[in-house]
Amino acid sequence: MDAAAGQKPEPHDSQERHASWLELFFDLVAVTAVAQVAHLLRGDLGPSDLGLYALLFLALWTAWICFTLYGNVAGEGTRTRTVLLAMFGMAVMAAAVHGVHEEEDQHARVFALAYVLIRVLANQSWQRRRQVLVDWPAAQMSLGVTPWIVSLWAHAPVRYWLWALGVALDLYVTFAVSAREFVKRHKEEDEQEALERSGSRTEGGSSRSTPPVTGIAVARSQAEHLSERLGLFVLIVLGEGIAQVVDAVSDVAWHRDVWTLGVASFFLLAAVWTLSFRHGYSGVPHLAEGVLPTRAALPLHCFLSGCLAALAAALGSAVEHPDSLSDGTRWLMCSALAGYFLLSGLAWLPDAHQEGRWLRWVALPCTGLPLLLAAFGTGVRTGVVIWLLVLVVLWPIFYDRRRRTELR
């Protein structure tokens, strides 16, 4: 299959590169995966449900980012067959989500096996290109995959602890392994492999042949293209929120409270979109281009997207309870929005000396107010809770516009 089949022709200037048709097709699988995982948060929730949601979302996001970065670096050299295989693996993971928590192990093992195969495929893709991706070392290191392999023979709850260990190891590799050490290790492995191949040919009677000239090239992500893909993922999550609300509204009798909930939910997601894209970068509010290194920006994007997916699931559940929210749904909704602002605040810390006023008047209040509403909002009508959250999201937008007017 042609490597560039199904892709948009890309401009000569790499700075103007946009997502290809193949990459957009791949992102559609992410839509399905996010929807499946978000449905785990519907109904009564406990700590184990939230933990399982976090694990599955992290696994699916990791599978997605491995091939997002592969397409980002490879460009026109992206192998369509490789990406389609990864898409199929993600589809299998998405299909297995709903049965992961059941007593039977079949769905959980299929989920783990598909994840392992996707990670192996990503590793082979980089080996084939003979490149080292310093922006996301976990895509090429098997340390975090090992617990997932072991989990194929484990049962709950040990299986889930092994998955959590794998996620933790990937995060460790991301932050603890320096780019210099990562490149050095791969070059040493490459040289050892070349020596072994050279030795095997000498023993076979072809000693006159010279050892192959090998080399590991350092690859870095293309910033603008990666920003577009990250932003598209956030749009996918927000779109899933709209889908959840529409699906829930279509299943209940329509009356004034349902209309109020539907309108409030739409305004909340629209306000989040405005804050994330018109007042942010790559879907992160108030983030400026180049403030964070890619290694820090990618985990931030993952956790922030996870909060928005949880918010989407909570909005879907809220429609089913127009009179008053259950404690679990109210806490999920408010905590998800608080986490969204908290993670955004972490992105602003590198510029804290310039953005102290923003952190003090926007980030901290927008993190704390939803938590206060969650703690003391028992008995408050569902529509009122959501409209109050709309006001929380609108405050940073209003503050930003007022600041810009003052600076003119």
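What counts, and where the lines are drawn
Residues numbered from 1 in each chain as written. Predicted model: local features only at pLDDT ≥ 70, side-chain atom pairs only at ≥ 80, totals over all residues. Heavy atoms only, no water. Helix = DSSP H or I, 4+ residues; strand = E, 2+ residues; numbered from the N terminus. Expected span 1.5 Å × (residues − 1). Buried < 20%, exposed > 50% of the residue type's maximum accessible area, 1.4 Å probe, protein only. Phe/Tyr/Trp six-rings, centres within 6.5 Å; stacked < 30°, edge-to-face > 60°. Lys NZ or Arg CZ within 6 Å of the ring centre and 35° of its normal. Axes fitted to C-alpha atoms, helices over the stretch in contact; angles between N-to-C directions. Parallel < 35°, antiparallel > 145°, perpendicular 65-115°, else oblique. Left-handed = near helix turned anticlockwise from the far one by under 90°. Contact = heavy atoms within 4.5 Å. 1 Å grid on protein atoms, 1.4 Å probe; cavity = no way out; pocket = protein on both sides within 12 Å on 5 of 7 lines; lining within 4 Å. Points joined across faces, edges and corners; volume = space filled by probe spheres on them. Nonpolar A, V, L, I, M, F, W, Y, C, P; charged D, E, K, R; others polar. Patch = residues over 30% accessible without salt bridge, like charges linked within 9 Å, V, L, I, M, F, W, Y side chains within 5 Å. Areas by Shrake-Rupley, 256 points an atom, 1.4 Å probe, with all protein chains shown as cover. Salt bridge = Lys/Arg side-chain N within 4 Å of Asp/Glu carboxyl O. UniProt positions renumbered as here; feature names shortened; annotations may be inferred. Disulfide = S-S within 2.5 Å.

**Looking at helix H2 (residues 47-74)**
Between its first and last C-alpha, H2 extends 40 Å over 28 residues, near the 40 Å set by a 1.5 Å rise per residue. The buried fraction of H2 is high, at 22 of 28 residues. Backbone geometry just after H2 places Gly75 at a positive phi near 60°.

**Quick notes on the packing of aromatic side chains**
A full pass over the atoms with the stated rule returns 19 aromatic pairs. Relative to Phe233, the ring of Trp64 lies with its centre 4.5 Å away and its plane at 40°, an arrangement referred to as tilted. With Trp64 in helix H2 and Phe233 in helix H8 (residues 223-250), this pair connects stretches of sequence that are 169 residues apart. Across the pair, Phe233 and Trp64 agree in class, each one buried. Centroid distance Phe267 to Trp387: 5.7 Å. Interplanar angle 45°. Geometry classified as tilted. One end of the pair, Phe267, is in helix H9 (residues 256-278); the other, Trp387, is in helix H13 (residues 382-407), and 120 residues separate them in sequence. A relative accessible area of 33% means that Trp387 is categorised as partly exposed. Within the aromatic cluster, the residues linked to one another by ring pairs are Tyr53, Phe57, Trp61, Trp64, Trp136 and Phe233. If you follow Arg159 out to its NZ or CZ, it ends over the ring of Tyr160, 5.5 Å from the centre.

**Thoughts on the packing of helix H1 (residues 21-38) against H8**
Here H1 crosses H8 at 40°, and the two axes come no closer than 10 Å. Classified by the interaxial angle, the pair formed by H1 and H8 is oblique. The crossing of H1 and H8 is right-handed. From H1, Glu23, Leu24, Phe26, Asp27, Ala30, Val31, Val34, Ala35 and Ala38 reach across to H8, where they touch His225, Arg229, Leu232, Phe233, Ile236, Val237, Glu240 and Gln244.

**Comments concerning empty space enclosed by the protein**
Summed over the entire model, instances satisfying the criterion amount to 3 cavities of 30 Å³ or more. At the level of secondary structure, the elements contributing two or more residues to the lining of the largest cavity comprise H2, helix H6 (158-176) and helix H10 (294-318). With 4 residues, the top contributor of residues to the lining of the largest cavity is H6. Looking at the lining of the largest cavity residue by residue, the classes come out as 9 nonpolar, 2 polar and 1 charged. By volume, the second largest cavity amounts to about 70 Å³. What lines the second largest cavity is a set of 11 residues, and nearest its centre among them are Glu23, Phe67, Gly71, Thr78 and Val83. Looking at the lining of the second largest cavity, the elements with two or more residues in it are H1 and H2. Here the residues of the lining of the second largest cavity are counted per class, giving 4 nonpolar, 5 polar and 2 charged.

**Thoughts on the environment of Val390**
Looking at the element boundaries, Val390 is found in helix H13. As for Val390 and Phe267, which are separated by 123 residues in sequence, their C-alpha atoms are 6.8 Å apart. Filtering out sequence-adjacent residues up to four positions away, Val390 remains in contact with Ala264, Phe267 and Leu268.

**Quick look at a nonpolar patch on the surface**
A cluster of nonpolar side chains, Val263, Phe266, Phe267 and Trp387, forms an exposed patch at the surface whose accessible area comes to about 380 Å². Counting residues per element, the nonpolar patch draws most heavily on H9, at 3 residues. Among the secondary structure elements, Phe266 is positioned in helix H9.

**Regarding the UniProt feature "transmembrane region" (unreviewed entry) in the chain**
Those residues carrying the UniProt feature "transmembrane region" (unreviewed entry) are residues 21-38, 50-70, 82-100, 160-179, 258-277, 298-318, 330-349 and 382-399 in this numbering. Helix makes up 100% of residues 21-38 and strand 0%. Its end C-alpha atoms lie 26 Å apart. Annotated as residues 82-100, this span is 79% helix and 0% strand, and its ends, taken at the C-alpha atoms, are 26 Å apart.

**Some words on the pattern of salt bridges**
Applying the stated criterion to the full structure yields 6 salt bridges. A salt bridge links Glu23 to Arg229, with the nearest nitrogen and oxygen atoms 3.2 Å apart. Placement of Glu23 in helix H1 and of Arg229 in helix H8 is noted, with a sequence separation of 206 residues between them. The same class applies to Glu23 and to Arg229, which are both buried.

**Considerations on the environment of Gly306**
Within the secondary structure, Gly306 sits in helix H10. Residues Gly306 and Val37 lie 269 residues apart in sequence; the distance between their C-alpha atoms is 9.9 Å. In contact with Gly306, other than residues within four places in its own chain, are Tyr53 and Phe57.

**A word on the state of the cysteines**
Here is the idea: a disulfide is a covalent bond, and it sits between the sulfur atoms of two cysteines. Summed over the entire model, instances satisfying the criterion amount to 0 disulfides. In this structure Cys307 is a free cysteine whose sulfur lies 9.7 Å from that of Cys302, the closest cysteine sulfur available.

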